[in-house]
Amino acid sequence: DVKVTQSSRYLVKRTGEKVFLECVQDMDHENMFWYRQDPGLGLRLIYFSYDVKMKEKGDIPEGYSVSREKKERFSLILESASTNQTSMYLCASSLPQREGDNEQFFGPGTRLTVL
Amino acid sequence: AQSVTQPDIHITVSEGASLELRCNYSYGATPYLFWYVQSPGQGLQLLLKYFSGDTLVQGIKGFEAEFKRSQSSFNLRKPSVHWSDAAEYFCAAGHPDNNNDMRFGAGTRLTVKP
C-alpha cells in the first residue's frame with residue numbers, strides 16, 4: 001500500500017511567518033505534487049516535482065516555493081504567509097508516465113490557518 | 001483548455017436510494033478518468049479509474065462509473081447508498097501523454113438522509 005504522510009494535520013500561523021509543509025511517500029514514486037483545496041474550487045495544483053531537485057510550477061505558484069532534496073520528501077514553503085493562504089493543502093505522489101496511469105495517491109491533508 | 005466539470009455542488013439522497021454523480025470533461029484526447037472520495041478532514045481515496053476498454057468500470061465500496069465518449073461524461077453510480085457514503089466526491093481527468101497534467105472537478109458533496 002502506498003503511504004503518503006504529511007507532517008501536520010492542523011497548523012495555525014501568523015501573517016508574515018515562514019511556513020513549511022512536509023510530505024513523505026514510501027513507494028519510491030518519482031512524481032510528487034502539492035495542491036490546495038478550497039470550497040467550490042476543487043483542487044488546484046501549486047507545484048509538482050518529477051525528480052529530485054526538479055520542480056515545475058502548477059496553476060497557482062505565486063506565494064509558494066518547494067524543495068525536493070530527497071526522492072521521498074517534498075516540501076511546500078510559504079515564504080511569508082498571508083491570510084489568503086488559509087486553506088487545505090494536499091500532497092500526492094504518482095509513478096512516472098512510462099510506468100503508470102496518472103493515478104495519484106494522496107496524503108491526509110494539512111489544514112492551514114493564517115491569522 | 002482542459003477542464004473537468006461537476007455540475008452538482010451538493011446532492012442529498014435517502015439511505016437505500018440510488019445515486020448518480022455527474023462529471024463532464026473537456027480534453028483534446030480521451031483522458032484517463034478517475035473518481036476520488038474525501039471523507040471530512042481526510043485526504044482523497046481512489047474509488048475507480050478508467051483508461052481504455054470496457055466503458056463500465058467497477059470500483060470499491062459498490063461504486064461504478066460509465067465512460068460515454070459521445071457525451072464526454074464519466075458519471076459515478078451506486079445502486080443503494082449507505083449513510084457512510086456521505087462525503088465529497090471528486091472527478092478527475094489526466095492527460096494520457098502527460099501524467100503531471102491532472103484536472104479536478106470542484107467536487108460534489110453528498111449528504112445521506114436516514
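All figures in this text were calculated on a predicted structure; none of them were measured in a lab.

Thresholds, definitions, all that
- Residues numbered from 1 in each chain as written.
- Chains lettered and ligands numbered in written order.
- Predicted model: local features only at pLDDT ≥ 70, side-chain atom pairs only at ≥ 80, totals over all residues.
- Heavy atoms only, no water.
- Phe/Tyr/Trp six-rings, centres within 6.5 Å; stacked < 30°, edge-to-face > 60°.
- Helix = DSSP H or I, 4+ residues; strand = E, 2+ residues; numbered from the N terminus.
- Buried < 20%, exposed > 50% of the residue type's maximum accessible area, 1.4 Å probe, protein only.
- Contact = heavy atoms within 4.5 Å.
- Buried area = accessible area lost by both parts, 1.4 Å probe.
- Salt bridge = Lys/Arg side-chain N within 4 Å of Asp/Glu carboxyl O.
- Polar contact = N/O pair within 3.5 Å; in protein donor to acceptor, adjacent residues only side chain to side chain.

1. Details of the packing of aromatic side chains
And step 1. Under the definition given, this model contains 15 aromatic pairs over all chains.
And step 2. Aromatic pair Y32 of chain B and F51 of chain B: ring centres 4.9 Å apart, planes at 70 degrees, arrangement edge-to-face. Residue Y32 of chain B is found in strand β5 (residues 32-38), and its partner F51 of chain B is found in the loop between β6 (45-50) and β7 (56-58); the two are separated by 19 residues along the sequence.
And step 3. Taking relative accessible area as the criterion, F51 of chain B reaches 29% and is therefore assigned partly exposed.
And step 4. Aromatic side chains Y36 of chain B and F104 of chain B sit 6.1 Å apart centroid to centroid with 45 degrees between the ring planes, which places their arrangement in the tilted category. Taken as a pair, Y36 of chain B in strand β5 and F104 of chain B in strand β11 (residues 98-104) lie far apart in primary sequence, 68 residues in all. Across this residue pair, the class does not change: Y36 of chain B and F104 of chain B are buried.
And step 5. Three or more aromatic residues joined by ring pairs form one cluster here, namely F33, Y35, F48 and F106 of chain A together with Y32, F34, Y36, F51 and F104 of chain B.

2. Overview of the interface of chain A and chain B
And step 1. Chain A puts 26 residues into the contact, and the matching count from chain B is 25 residues.
And step 2. Of the roughly 1900 Å² buried where chain A meets chain B, counting both sides, 47% is carbon and sulfur surface.
And step 3. One can count 2 salt bridges joining chain A with chain B.
And step 4. Residues R103 of chain B and D59 of chain A are paired through a salt bridge, measuring 3.0 Å at the closest nitrogen-oxygen approach.
And step 5. At the boundary of chain A and chain B, one finds 5 residue pairs in polar contact (both at pLDDT 80 or more).
And step 6. For the side of chain A that touches chain B, the secondary-structure elements that each account for two or more residues are β4 (31-38), β5 (42-51) and β9 (87-94) of chain A.

Nothing here speaks to function; it is geometry throughout.
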